[in-house]
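Structural characterization, general
Next come the chains, spelled out residue by residue.
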Amino acid sequence: MNNLKRTLRELARYPSAIFGLSIIGILVIVGILAPILIPYERAIELWRGGEEIWYANPRNVPPAWINWFRTKKLVETFTLDSAKGEAEKLVDSVNNQIVLTYTFEYNYDTFPQEIIFYFRAQYKQQKPFVSIVWYTPDGRQIPIDNLALSTTTTVRFSQNERLARRFIDTSPVKGLFIDPTSDVKNPTIVKGTYKIVLTVTSFEPETNVDAELVVHGQVAGWAGTDHRRRDLGVAILWGTPVALLFGLMAALGTSVLTMIISAVGTWYGGWVDELIQRITGVNLVLPFLPILIMVGTFYSRSIWIILSVTIALSIFGSGIVTYRSVFLQVKESPYIEAARSYGASNARIILMYMVPRVIPLLIPGLVTSVPGYVFLEASLAVLGLGDPVLPTWGKIINDAQTNGALYEGLYYWVLEPAVLLMITGLAFAMLGFSLDRIFNPRLRGQ
Amino acid sequence: MPEKTVNNSSRSVIRKKPESTFTRVARYTLVRGITLFLTVVVGVFLTIIIANMGGYVDEIRKGEIQETYQQAAILNPAIRNLPPEERNKWVEDQIRLAYKRYGLDQPFLVRAVIYLRNALTLDLGRSLNMTSDTGSRQVRLIILERIPPTLILFGTSGFLLFFVELFFALYLSRRYGSFWDKVVVTLAPMNAAPGWFYGIFLILIFAAILKILPFGGMVDAPPPPRWSFAYFVSLLKHMILPIMAIAASQLVLSVYSWRTFFLIYSSEDYVEMAKAKGLTSRAIEQRYVLRPTLPTIITSFAFLLIGIWTGAPIFETVFNWPGLGRQIYQAIGLFDVPVIVGETVIFSYLLAITLFLLDFVYALVDPRVRVGGQGGAQG
């Protein structure tokens, strides 16, 4: 306990260690919060979901916060659902009419990609009839459509023929926002409160109609969306615990097992030591990444399998040589001699007396090796060998790469996961470097 | 990544019993040679087993063959119109012949051993699916074709960075605690990210936004005539970003490790002594710092030499570089075991030969090391 306190006090002297530790702290908090905010099953369902879950999102748009850095504000994506009380609903049972009024503020400098109404109607035989009217802030009134509703009906403004005929110079959705008195080549956008009124005429008393207005803007959410309309936030959030767990477990498993195997080999010597050295040799010949790729391609892309194979292939790495040279010195120490003379068991000597001596070497090495494994998981995902169900940072980069995000200028798509990977790697590396200087003062120089 | 473990295993110089140098060296050479060869044998055999998924790839191939001939039977009007029994017999005969042709009628273990023998004698055989650009199925040709791109890229960057790193590290070890030293210590953690990762950033900046360098590939499309000046310029232009990416992922960290390594040797008593004698820092560096560190520098250089042969699957994929790394990735995707095994065998041999030679090189450059002396730390 005292040791830990002393180490922490020492660490506080290194700004890079404090920086690293705070970032790791934040990441751990996010890592714990992610499964609470979005439970595992829900996350997977969301990430694998298609149009039925993500219909309200436009494709390939950057996050909403980029508006903070822009003078020309991009349209935000939003939905208004009358069933959730987001639209004014008046039921006039005398005249068999339902009036739904959607009101929204429009203060953007660009046009939305699409405006859609999703109608849900309940009726027995007679289909209810709806008329859609658009009210602009400058008091114009534009009739959009009149149609009979089935149980589910979708109205896409961009495909509306009446609007297309009305706005010959521009597209149906743009025309709704343009000031008709302005120049055709350089149109001005009418800002203010827009209103859409749906007047539903029903022919049966039990009829009920609700409608959800979906406006696909040019920005969405806090993380943007990808080519399948998915909110990248899900993968950004869930990628955190996955990256941390993979990195930490691989680093911990590898370092601890390497150390124990090395200690056992050095202690027993003879054929045990020889065998371990030969396995290390064979392991050097085995191609690490190709084997991981083979396991991913041929066998299973489950993150647990990949993790196990990674650890199995890393145990007999160059670390064994380093630990061995230290253990060889430790083995000859007088206190080991003393332990042997009072009859301590082999296991006791290895685990209680030898292993603790290399902890100063182990801990910095462990922390420094975390980024390598975090990036390894991302690397495999970039090759398309990420876990098939889990949303991870690497898979976002993979999606972005395969869909040509860089060619098309969708930089946010690559930058978000990349920056997170970078920050994570940097945090562990900074902490590891500081720990190394604390535990191995020789490196601090003269 | 060069190995940077400080090779300070205590090589004891205590002679146990008198033995002639020749017998000692001869015996050591033999034992070491056999051990390394066995290591290669086991390593390659394991790769064969893994690359075949313990025989699973054979099942895939059998399935493919069956499907091919069943399809052929349906598509070929002469066969299609035969009575069912005869048609089935034709299909089965064809499948059996195909099995025999590819050696699939033998159990997997037998095949694995034959495979091992062929691989070790560098008889790499024919590929299953891949072809070389010239249309050959010879694994040797397929691999040979991809060696130049990998060697050009990783060789250039490797040598360039190696000497730049050593130069800066020596410079910094003389100016311990200076501004640049602090910069290197601060920036070292930045190198936690791999090359492909920086590659994405560099492509984003220089290709996507600034549009001054190509996104990837080795030369422009259509390629200029080979060996022309235009070809060379185009190649150079395509190499800038990859080399920058490699440098970004290792330069500072390597300088940092080498500088720390040199510092440890610069604080030895004999260096202090040399300083006290008033030798110039250049002389001290050459005689007392570089010489004892030479084995480590050579090891690192040797691993660099092997490293440039392996290629890097992800890095080459990101930069669309037609090298060995991307090829092995493609081979795995196509279940092309001969290509995977071929590349592994070449790499293992290179590694084993390098390790074998290193022991002698150590003895040559460091009089404290004896060939066949106690405790060779290299596994």
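Note that the coordinates shown come from a computational prediction; the quantities given were computed from them, not determined experimentally.

Within chain A one finds 16 helices and nine strands. Taking 446 residues into account, the globule formula puts the C-alpha radius of gyration at 22 Å, and chain A, at 31 Å, lies well above it. Based on the C-alpha atoms only, the size of chain A along its principal axes is roughly 100 × 50 × 40 Å. Here the analysis covers contacts within chain A between residues at least 6 apart in sequence; of these, 75% occur between residues at least 24 apart. Surface accessibility of chain A: about 20400 Å² in total, with carbon and sulfur atoms responsible for 60%. Computing the positive centroid from 38 side-chain charges and the negative centroid from 35, chain A places the two 9 Å apart.

Let's shift gears to the overall build of chain B. Check the secondary structure of chain B and you find 14 helices and zero strands. Put simply, chain B runs from its N terminus to its C terminus through helices and strands in the order α-α-α-α-α-α-α-α-α-α-α-α-α-α. The globule rule puts the C-alpha radius of gyration for 379 residues at 21 Å, and the 27 Å found for chain B is more than 25% above it. With respect to the principal axes defined by its C-alpha atoms, chain B has extents near 100 × 65 × 35 Å.

What follows concerns the sheet that holds strand β2 (residues 88-92) of chain A. Residue and element names in this part refer to chain A. Strand order across the open sheet formed by five strands is β2-β3-β8-β5-β6, with antiparallel pairing between neighbours. Looking at which strands have only one partner, the edges of the open sheet turn out to be β2 and β6 (141-148). Each strand axis lies, on average, 15° off the axis of its neighbour in the sheet, ignoring direction. As judged from the seven bridges shared by strand β5 (residues 129-135) and strand β8 (residues 192-201), these two strands associate in the antiparallel manner. Of the residues in β8, the one forming a bridge with F129 is T201.

Moving on to the interface of chain B and chain A. Counting from both sides, the interface comprises 54 residues of chain B and, opposite them, 46 residues of chain A. It is P189, I314 and I332 of chain B that lose the most area in chain B upon contact with chain A, and together they represent 11% of the buried surface on that side. One can count zero salt bridges joining chain B with chain A. For the side of chain B that touches chain A, the elements supplying multiple residues, two or more each, are α1 (21-51), α2 (56-75), α8 (195-209), α9 (229-266), α12 (313-318), α13 (324-333) and α14 (337-365) of chain B. Sort the elements by how many residues they give to the side of chain B that touches chain A and α8 of chain B lands first, with nine residues. Residue composition of the side of chain B that touches chain A, grouped by class: 40 nonpolar, 13 polar and one charged.

So, on to the layout of surface pockets. Residue and element names in this part refer to chain B. In this structure, the second largest pocket encloses a volume near 800 Å³. For the second largest pocket, the lining is made up of 30 residues, of which R61, Y102, R126, L128 and P338 are closest to its centre. Of all elements in the fold, only α2, α4 (84-101), α5 (108-120) and α14 reach the threshold of two or more residues within the lining of the second largest pocket. Element by element, the count of residues in the lining of the second largest pocket is highest for α2, at eight residues. Residue classes in the lining of the second largest pocket are distributed as 14 nonpolar, eight polar and eight charged.

Attention now goes to unusual backbone geometry. Residue and element names in this part refer to chain A. Phi angles above zero are rare outside glycine, and N60 is one such case at about 45°. Phi at R229 takes a positive value of approximately 70°, unusual for a residue other than glycine. Among the structural elements, R229 can be located in the loop between β9 (208-216) and α7 (232-268).

Bringing the packing of aromatic side chains into the picture now. For the structure shown, the criterion picks out 38 aromatic pairs over all chains. The lysine or arginine in question, R230 of chain A, covers the ring of W47 of chain A, its NZ or CZ lying 3.8 Å from the ring centre. Across from the ring centre of Y102 of chain B, 5.1 Å away, lies the NZ or CZ of R61 of chain B, which sits over that ring.

Applying the stated criterion across every chain, the model contains 19 salt bridges over all chains. In this structure, the salt-bridge partner of D93 of chain B is R96 of chain B, at a minimum N-O distance of 2.9 Å. Taken together, the residues D93 of chain B and R96 of chain B, both in helix α4 and three residues apart, mark about one turn of the helix. By relative accessible area, R96 of chain B is classed as exposed at 52%. Residues joined in a network through salt bridges with shared partners are E51, R59 and R229 of chain A.

Turning next to the sheet that holds strand β1 (residues 78-81) of chain A. Backbone hydrogen bonds hold the strands of a sheet together, and the pairing may be parallel or antiparallel. Residues and elements named next belong to chain A. The strand order across the open sheet formed by four strands is β1-β9-β4-β7, and the pairing between neighbours is antiparallel. The outermost strands of the open sheet, each flanked by one partner alone, are β1 and β7 (152-156). Across the sheet, the mean angle from the axis of one strand to that of its neighbour is 15°, orientation sign disregarded. Where strand β4 (residues 114-122) lies against β7, five bridges are found, and the strand directions are antiparallel. Residue Y118 lies in a different strand from β7, and its bridge partner there is T154.

Moving on to the domain arrangement of chain A. Many authors give the size of an interface as the accessible area that is lost as the parts come together. Under the domain assignment used here, chain A contains domain 1 (2-46 + 230-443) and domain 2 (71-216). For domain 1 of chain A versus domain 2 of chain A, the distance between C-alpha centres works out to 54 Å.

Residues V28, I29, I32, L33, I36 and L37 of chain A make up a contiguous nonpolar surface patch of about 580 Å² in total accessible area. Tracing the backbone through its elements, the reader meets I32 of chain A in helix α2 (residues 15-37).

Looking now at the pairing of β6 of chain A. The side chains of a regular strand alternate between both faces of the sheet. All names here are of chain A. In this structure, β5 lies alongside β6, joined through seven bridges in antiparallel fashion. Note on β6: the bridge partner recorded for W134 is I142. Hairpin remark: β5 followed by β6, antiparallel, with five residues in the connecting loop; positive phi at G139, about 85°.

The next point concerns the packing of α2 of chain A against helix α16 (residues 411-439) of chain A. Residues and elements named next belong to chain A. Two elements in contact, α2 and α16, have axes whose closest approach is 8 Å; the angle formed by their N-to-C orientations is 135°. Regarding the angle of α2 to α16, the classification is oblique. Relative to α16, α2 is oriented so that their crossing is left-handed. Contacts between α2 and α16 involve S16, A17, F19, G20, L21, I23, I24 and L27 from the first element and I423, T424, A427, F428, M430, L431 and S434 from the second. Its residues assigned to classes, the contact of α2 with α16 comprises 11 nonpolar, four polar and no charged.

Here we come to the packing of α9 of chain B against helix α11 (residues 281-310) of chain B. A packed helix pair is summarised by two numbers, namely the angle formed by the two axes and the spacing between the axes. All names here are of chain B. Closest axis-to-axis distance for the α9/α11 pair is 9 Å, and the angle between their directions is 150°. The two elements α9 and α11 meet at a crossing, and its hand is right-handed. Of the residues in α11, those in contact with W258, F261, F262, Y265 and S266 of α9 are V289, L290, P292, T293, T296, I297 and S300. Partitioning the contact of α9 with α11 into residue classes produces eight nonpolar, four polar and no charged.

To continue, consider the nonpolar core. If you look at the biggest cluster of nonpolar residues, it comprises 160 residues, and the most contacted ones within it are W196 and F262 of chain B. It is α16 of chain A that contributes the most residues to this core, 13 residues altogether. Apart from the residues within four sequence positions on either side, W196 of chain B is in contact with F375, A378, S379 and V382 of chain A together with I314, F315 and V318 of chain B. Membership of the second largest hydrophobic core comes to 40 residues, among which are F104, V130, I132 and V173 of chain A.

A few words now on the pairing of β2 of chain A. Residue and element names in this part refer to chain A. Examined bridge by bridge, β2 and strand β3 (residues 97-106) share five bridges and lie antiparallel to one another. Across the sheet, the residue bridging to V91 is I98, located in β3. Counted along the chain from β2 to the antiparallel partner β3, the turn is four residues long, and its residue N96 has a positive phi close to 55°.

Cut-offs used in this document
- Residues numbered from 1 in each chain as written.
- Chains lettered and ligands numbered in written order.
- Predicted model: local features only at pLDDT ≥ 70, side-chain atom pairs only at ≥ 80, totals over all residues.
- Heavy atoms only, no water.
- Helix = DSSP H or I, 4+ residues; strand = E, 2+ residues; numbered from the N terminus.
- Rg over C-alpha atoms; globule rule 2.2 N^0.38 Å.
- Contact = heavy atoms within 4.5 Å.
- Areas by Shrake-Rupley, 256 points an atom, 1.4 Å probe, with all protein chains shown as cover.
- Lys, Arg positive; Asp, Glu negative; His and termini not counted.
- Charge placed at Lys NZ, Arg CZ, Asp CG, Glu CD.
- Pairing = 2+ DSSP bridges.
- Axes fitted to C-alpha atoms, helices over the stretch in contact; angles between N-to-C directions.
- Buried area = accessible area lost by both parts, 1.4 Å probe.
- Salt bridge = Lys/Arg side-chain N within 4 Å of Asp/Glu carboxyl O.
- Nonpolar A, V, L, I, M, F, W, Y, C, P; charged D, E, K, R; others polar.
- 1 Å grid on protein atoms, 1.4 Å probe; cavity = no way out; pocket = protein on both sides within 12 Å on 5 of 7 lines; lining within 4 Å.
- Points joined across faces, edges and corners; volume = space filled by probe spheres on them.
- Phe/Tyr/Trp six-rings, centres within 6.5 Å; stacked < 30°, edge-to-face > 60°.
- Lys NZ or Arg CZ within 6 Å of the ring centre and 35° of its normal.
- Buried < 20%, exposed > 50% of the residue type's maximum accessible area, 1.4 Å probe, protein only.
- Domains from an automatic or database assignment.
- Patch = residues over 30% accessible without salt bridge, like charges linked within 9 Å, V, L, I, M, F, W, Y side chains within 5 Å.
- Parallel < 35°, antiparallel > 145°, perpendicular 65-115°, else oblique.
- Left-handed = near helix turned anticlockwise from the far one by under 90°.
- Core = buried A, V, L, I, M, F, W, Y, C linked by side-chain atoms within 4.5 Å.

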